[in-house]
Amino acid sequence: MASRLSEQTAIVTGSSAGIGAAIAKRFAAEGANVVTNSRSRDRAEETAEAIRATGGDAVAIESDVTDYDAMEALVEATVEKFGSLDVMVNNAGVTSIGPAEDVDPDDWQRIIDVDLTGVFFGSQLAGRQMIEQGSGGSILNISSIMGDLGLHGRAPYCAAKAGVNNLTRTLAVEWAPHGVHVNALAPGFVKTDITDQTQSAADYTDEDIRNRTPLDRFGTLDEMAECATFLVNNNHYVTGEVLHADGGWTAYAWGSDGT
Ligand SMILES: NC(=O)c1ccc[n+]([C@@H]2O[C@H](COP(=O)([O-])OP(=O)(O)OC[C@H]3O[C@@H](n4cnc5c(N)ncnc54)[C@H](OP(=O)(O)O)[C@@H]3O)[C@@H](O)[C@H]2O)c1
């Protein structure tokens with residue numbers, strides 16, 4: 001078994017599906033003890049069970065990232081089970097789609113709560129634990145290319161992800177003296193429940209996305225897990241960085257054929 005994360009304990013929020021599940025499985029394959037998480041213990045347990053089935057060590061703990069007490073209990077239970085917390089991935093995320101002028105205040109608040117406040121709660125609780133442990137650590141926040149770009153119909157999501165990017169930089173500066181690296185991973189388009197949900201409500205197709213992407217394809221779950229593994233293993237000089245894993249989407253201004 002590869003071992004870029006041996007003797008590390010990692011929590012991955014929102015790891016019952018999609019990018020979070022892929023990251024959790026990869027971290028375990030790299031030797032980490034993994035705590036999977038979602039709002040449902042049963043769903044988080046599916047990922048933990050898949051990890052154990054391949055020889056890894058994982059437990060599932062249910063908590064909603066918007067619930068501070070539940071997140072505190074998640075960190076405490078992790079430390080009780082594995083003895084430390086070395087890596088925190090704040091991945092859980094939700095979105096909605098609709099014109100900005102029609103966004104319901106409750107929907108705005110729900111997305112900000114999960115996508116931004118949840119990232120702060122997870123970061124604060126993990127950072128506090130890592131500072132107390134005194135041996136550094138790594139926090140990775142899953143952002144989006146929509147943290148840097150505007151997209152029709154995604155006002156709360158784009159605002160939340162932009163907040164995640166600058167929260168990441170701020171925490172990186174504040175916790176660097178403790179050896180805690182804080183970075184963000186900003187995926188482009190990867191096929192998951194969230195993309196299915198938003199694409200079906202929007203007026204763009206898979207082909208539109210590929211045509212707009214210099215690499216001419218969607219990203220894969222494996223590629224996101226690989227970037228996450230690089231960012232959290234701390235064998236580098238990177239902190240406060242937002243890594244765009246987007247096939248060139250944010251680098252691209254206009255018309256590769258010269259038009
Ligand atoms: N897929 C993409 O193309 C893409 C692109 C850019 C950024 N991202 C970001 O990547 C992250 C993962 O997205 P995904 O595409 O993998 O989405 P997904 O397949 O819909 O998975 C979302 C995960 O978040 C969990 N979750 C949702 N609300 C939660 C809450 N309040 N507390 C705890 N867990 C919660 C879900 O678990 P339960 O439902 O079981 O609670 C699920 O495990 C998100 O932050 C998203 O914004 C995705």
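One can find the structure itself at the top, above this paragraph.
The following refers to the structure shown. Keep in mind the model is a prediction, meaning the values are calculated, not measured. Residue positions within a chain follow its written sequence, with the count starting from 1. The predicted nature of this model means local features are confined to residues of pLDDT at least 70 and side-chain atom pairs, given and counted, to a pLDDT of 80 or more, with totals for whole chains, interfaces and linings taken over all residues. To get the side-chain values, take all heavy atoms of the structure and skip hydrogens and water.

A look at the overall build of the chain
Per the convention used, a helix needs a DSSP run of H or I reaching at least four residues, while a strand needs a run of E reaching at least two, with both numbered from the N terminus. In terms of regular secondary structure, the chain is built from eight helices and seven strands. Radius of gyration: C-alpha atoms only; globule rule: 2.2 Å multiplied by the number of residues to the exponent 0.38. Relative to the 2.2 N^0.38 estimate, which gives 18 Å for 259 residues, the radius of gyration of the chain is 18 Å and therefore close to what a compact globule would have. Projected onto its principal axes, the C-alpha coordinates of the chain cover approximately 55 × 40 × 40 Å. Taking all 259 residues of the chain together, the buried fraction comes to 49%. Accessible surface is estimated by sampling points in the Shrake-Rupley manner with a 1.4 Å probe; for residues, cover comes only from the protein chains shown. Of the roughly 11900 Å² that the chain leaves accessible, carbon and sulfur atoms contribute 49%. A positive count includes Lys and Arg, and a negative count includes Asp and Glu. His and the chain ends are not counted in either. Charge positions are represented by NZ for Lys, CZ for Arg, CG for Asp and CD for Glu. The chain carries 17 positive and 38 negative side-chain charges, and their two centres are separated by 4 Å. Exposed residues in this analysis have more than 50% of their type's maximum accessible area, buried residues have under 20%, and partly exposed residues fall in between, with area computed by a 1.4 Å probe over protein chains only.

Focus on the packing of aromatic side chains
Within 6.5 Å between ring centres, the rings of Phe, Tyr and Trp (the latter by its six-membered ring) count as paired, and their orientation is classed by plane angle as stacked under 30 degrees, edge-to-face over 60, tilted in between. Going through the model one piece at a time under the given rule, you end up with three aromatic pairs. Ring geometry for Phe189 versus Tyr204: centroids 6.3 Å apart, planes at 80 degrees, classification edge-to-face. Highlighted residues: Phe189 in the loop between strand E6 (180-187) and helix H6 (193-201) and Tyr204 in the loop between H6 and helix H7 (206-212), separated in sequence by 15 residues. Of the two residues examined, Phe189 and Tyr204, each falls in the buried class.

What about a negative patch on the surface?
Candidates for patches are residues over 30% relative accessible area with no salt bridge; among them, like charges are joined within 9 Å and nonpolar side chains (Val, Leu, Ile, Met, Phe, Trp, Tyr) within 5 Å. When a carboxyl oxygen of Asp or Glu is within 4 Å of a side-chain nitrogen of Lys or Arg, the pair counts as a salt bridge. Together, Asp42, Glu46, Glu49 and Glu62 make up a region of like negative charge exposed at the surface. The biggest single contributor to the negative patch is helix H2 (residues 41-53), with three residues. Mapping Glu46 onto the fold places it in helix H2.

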